[in-house]
Amino acid sequence: MEGAIFSLRMDNKPLVKALFKLSEPWSARQAQQLSYIAEYNMEPEYLPGLDNQVADCLSRLVNSMDVPPLSAGYPSHMEFAAAQEKCQEVAALKNS
């Protein structure tokens, strides 16, 4: 990300406000953390959690009921490996 300008969408409103704050930070730790974040050439943007679907999805635990087991119609690792051994495309890639 060095040298690139990018937009950082986050649902942490206090952090977005702190990055634009002109007064001194409350503690040395806060000053250090804000200084580190400010080194990046970014445009912080507040986006509420429900509207920020990527961050919302990454911050939630996966419910095991939502993820199908490997036995639900998917090949096992051994079956997948055997299929790769028979595949002509994989053989061509190995020989190239």
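Note that this is a predicted model, so its numbers are computed, not measured.

Parameters at a glance
Residues numbered from 1 in each chain as written. Predicted model: local features only at pLDDT ≥ 70, side-chain atom pairs only at ≥ 80, totals over all residues. Heavy atoms only, no water. Salt bridge = Lys/Arg side-chain N within 4 Å of Asp/Glu carboxyl O. Helix = DSSP H or I, 4+ residues; strand = E, 2+ residues; numbered from the N terminus. Buried < 20%, exposed > 50% of the residue type's maximum accessible area, 1.4 Å probe, protein only. Phe/Tyr/Trp six-rings, centres within 6.5 Å; stacked < 30°, edge-to-face > 60°. 1 Å grid on protein atoms, 1.4 Å probe; cavity = no way out; pocket = protein on both sides within 12 Å on 5 of 7 lines; lining within 4 Å. Points joined across faces, edges and corners; volume = space filled by probe spheres on them. Nonpolar A, V, L, I, M, F, W, Y, C, P; charged D, E, K, R; others polar.

### Overview of the pattern of salt bridges
(1) Moving on: In this structure the tally under the stated criterion is two salt bridges.
(2) Moving on: In this structure, Glu-45 and Arg-9 form a salt bridge, with 3.7 Å as the shortest nitrogen-oxygen distance. Note that Glu-45 is positioned in strand 2 (residues 42–46) and Arg-9 in strand 1 (residues 6–10), a separation of 36 residues in sequence.
(3) Moving on: Judged by relative accessible area, which is 33%, Glu-45 ranks as partly exposed.
(4) Moving on: Linking Glu-85 and Lys-94 is a salt bridge whose minimum nitrogen-to-oxygen distance equals 3.6 Å. An identical accessibility class is assigned to Glu-85 and Lys-94; each is exposed.

### Thoughts on the packing of aromatic side chains
(1) Moving on: Inspection of the entire model under this criterion finds one aromatic pair.
(2) Moving on: Between the aromatic rings of Tyr-36 and Tyr-40, the centroid separation amounts to 6.0 Å while the plane-to-plane angle is 85°, which identifies the pairing as edge-to-face.
(3) Moving on: What makes Tyr-40 partly exposed here is its relative accessible area of 38%.

### Quick word on the layout of surface pockets
(1) Moving on: Estimates place the volume of the largest pocket at around 170 Å³.
(2) Moving on: Surrounding the largest pocket, 12 residues form its lining, Ala-18, Leu-19, Phe-20, Leu-34 and Ala-38 being those nearest its centre.
(3) Moving on: If you list the elements that add at least two residues to the lining of the largest pocket, you get helix 1 (13–20), helix 2 (28–38) and strand 2.
(4) Moving on: Partitioning the lining of the largest pocket into residue classes produces 10 nonpolar, one polar and one charged.

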